[in-house]
Amino acid sequence: MSPIPGIIASQITGHLSTNSFESIQTVTVGSGGQSSISFSSIPSTYKHLQFRMSLKGTVASAALLVQYSGDTASNYNDHYLEANGSTVVAGYDATAAMIIYGTMAPTAATNVFSGGVLDVLDYTNSNKYKTSRTLSGYDANGSGTIDFDSGLWRSTSSISSALFYPTSGNFAQYSQISLYGIKG
Amino acid sequence: MAAGATYTPIATSSPSGLTSVTFSSIPSTYTDLILVFSGALSANDGISLRLNSTYTNNNSITSLAGNGTSAASGRGTNIYSIYLYDYVSPGTTVSNIQAHVMNYSNTTTYKTILIRDNSTNSYTEASVGLWRDTSAVNQLIFYTGGATFSAGSTVTLYGIAAA
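Every value quoted in this text rests on a predicted model; they were computed, and no experiment measured them.

> Please clarify how the overall build of chain A should be interpreted in this entry.
A tally of regular secondary structure across chain A gives zero helices and 13 strands. In chain A, the succession of helices and strands from N to C terminus is β-β-β-β-β-β-β-β-β-β-β-β-β. By the compact-globule yardstick of 16 Å for 184 residues, chain A fits well, its C-alpha radius of gyration being 18 Å. Reported as C-alpha extents along the three principal axes, the dimensions of chain A are approximately 55 × 40 × 35 Å. The burial tally for chain A puts 46% of its 184 residues in the buried class. The contacts in chain A between residues at least 6 apart in sequence include a share of 76% that link residues at least 24 apart.

Here it is in structure tokens:
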């Protein structure tokens, strides 16, 4: 398919800010890699959180894990739907010590980083457990996966910190996770 | 922790009767771009995305789709554009697309694009695309294979800046 000249749209509107989606903090991995990425003292002044991720591992295969508020006990669950270009797999992890959120780009995929968007809903509400959802994946021109995940942290505590780490190896240089707050 | 408002509308278009929308001179001041489409086409056709003004068949995509009966996964390799609809053609059904172009202005990595698209009476799909070029992205071309966008169709580009 060839693009047919249509419309140049980049100057149609001004730069309007909604003021309800705020950037809070970004962590970018430096040379030598990093075993984990943590966000501490997350403000409680938002309704929802969003983590936006560009990640690469230092090994052939690694998934992304997360724990909230320093809880290392078996208080997490997740469900996933993953596809690799030919096969679709669905599954779950029950009573786990962390939530698994998709597969990171492998070290052999030069210049390829996985993308991910993680939404954590109503993260300060003390009346319910904390639910989350992700869309993530990487493509390396012949390999890769696309993932839907849902996660549950079975705690009524507010989420004040988040610790991300790979199932094996480290985060490679230039991996990045940014935290945003969404007002309610 | 510093906090600043973001998720900023950069440009929007109502391309009724046209076959493409080009967002050019995209500022490099954001971290991610989000392209949102809501609308329909004049006939069954696909919608694709190209980044910047030059392109080769270096690109690829992996998708997961469900049609109400079954789920399937597909892959395209060495392709010229990223298929935003690559499962079935949306035709005249009102459909939607949200495409995240991650870390679009960096010059170190290829560009990963996360896509969610739905044809409201036939399927839902998620895809991940790879634009195999380390150049910063300053232009997006959103286009059909020849069908025109129906009245009421909108395409909006947002920027998200990391702290």
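> When you look at the sheet that holds strand β9 (residues 114-120) of chain A in this model, what are you seeing that I'm missing?
Two strands in a sheet stick together by hydrogen bonds in their backbones, pointing the same way (parallel) or opposite ways (antiparallel). If you trace the nine strands from one edge of the open sheet to the other, you get β7(A)-β6(A)-β11(A)-β10(A)-β9(A)-β4(A)-β13(A)-β2(A)-β1(B), paired in antiparallel fashion. Two strands bound the open sheet, and with one partner strand each, they are β7 (88-96) of chain A together with β1 (4-5) of chain B. Summarising the sheet, strand β2 (residues 21-28) of chain A and β1 of chain B pair through two bridges and their orientation is antiparallel. Directly across from S23 of chain A, in β1 of chain B, lies its bridge partner G4 of chain B.

> Got a minute to help me understand the pairing of strand β10 (residues 111-119) of chain B in this structure?
The side chains of a regular strand alternate between the sheet's two faces. Residues and elements named next belong to chain B. Counting buried positions over the nine residues of β10 gives seven, a clear majority of the element. Bridge count for strand β9 (residues 95-101) against β10 is seven bridges, and the pairing is antiparallel. Bridge pairing in β10 places S95 opposite S119. Bridging between β10 and strand β11 (residues 123-131) involves nine bridges; their strand directions are antiparallel. Considered in β11, the bridge of N118 is made with T124. What sits between the antiparallel neighbours β10 and β11 is a turn of three residues.

> Any chance you could explain the confidence of the model for chain B here in plain terms?
Residues and elements named next belong to chain B. Summary statistics for chain B give a mean pLDDT of 93 and a share of 95% for residues scoring 70 or more. For chain B, the element scoring lowest by mean pLDDT is β1, at 88; strand β3 (residues 20-23) scores highest, at 98. For this predicted complex, the interface score ipTM comes out at 0.94, while the overall pTM is 0.93.

> Hey, could you run me through the interface of chain B and chain A in this one?
It is common to give the size of an interface as the accessible area lost on bringing the parts into contact. Between chain B and chain A, the residue contacts involve 63 residues of the former and 55 residues of the latter. With seven residues, the top contributor of residues to the side of chain B that touches chain A is strand β7 (residues 71-79) of chain B. Residues belonging to the side of chain B that touches chain A are distributed by class as follows: 28 nonpolar, 30 polar and five charged.

> What should I look at first to understand the nonpolar core in this one?
In summary, soluble globular proteins display a tendency toward joint burial of nonpolar side chains. In this structure, L35, L84, L140 and F142 of chain B are the most contacted members of the largest nonpolar core, which totals 89 residues. Top element by residues in this core is β11 of chain B. It accounts for five residues.

> Any chance you could explain the environment of D71 of chain A here in plain terms?
Structurally, the position occupied by D71 of chain A is in the loop between β5 (63-68) and β6 (76-83). For D71 of chain A, a count of 18 C-beta atoms within 10 Å corresponds to the partly exposed category.

Reading the values: rules and limits
- Residues numbered from 1 in each chain as written.
- Chains lettered and ligands numbered in written order.
- Predicted model: local features only at pLDDT ≥ 70, side-chain atom pairs only at ≥ 80, totals over all residues.
- Helix = DSSP H or I, 4+ residues; strand = E, 2+ residues; numbered from the N terminus.
- Rg over C-alpha atoms; globule rule 2.2 N^0.38 Å.
- Buried ≥ 20, exposed ≤ 12 C-beta atoms within 10 Å, placed from the backbone.
- Contact = placed C-beta atoms within 7 Å.
- Pairing = 2+ DSSP bridges.
- pLDDT = per-residue confidence, 0-100.
- Nonpolar A, V, L, I, M, F, W, Y, C, P; charged D, E, K, R; others polar.
- Core = buried A, V, L, I, M, F, W, Y, C linked by C-beta atoms within 7 Å.

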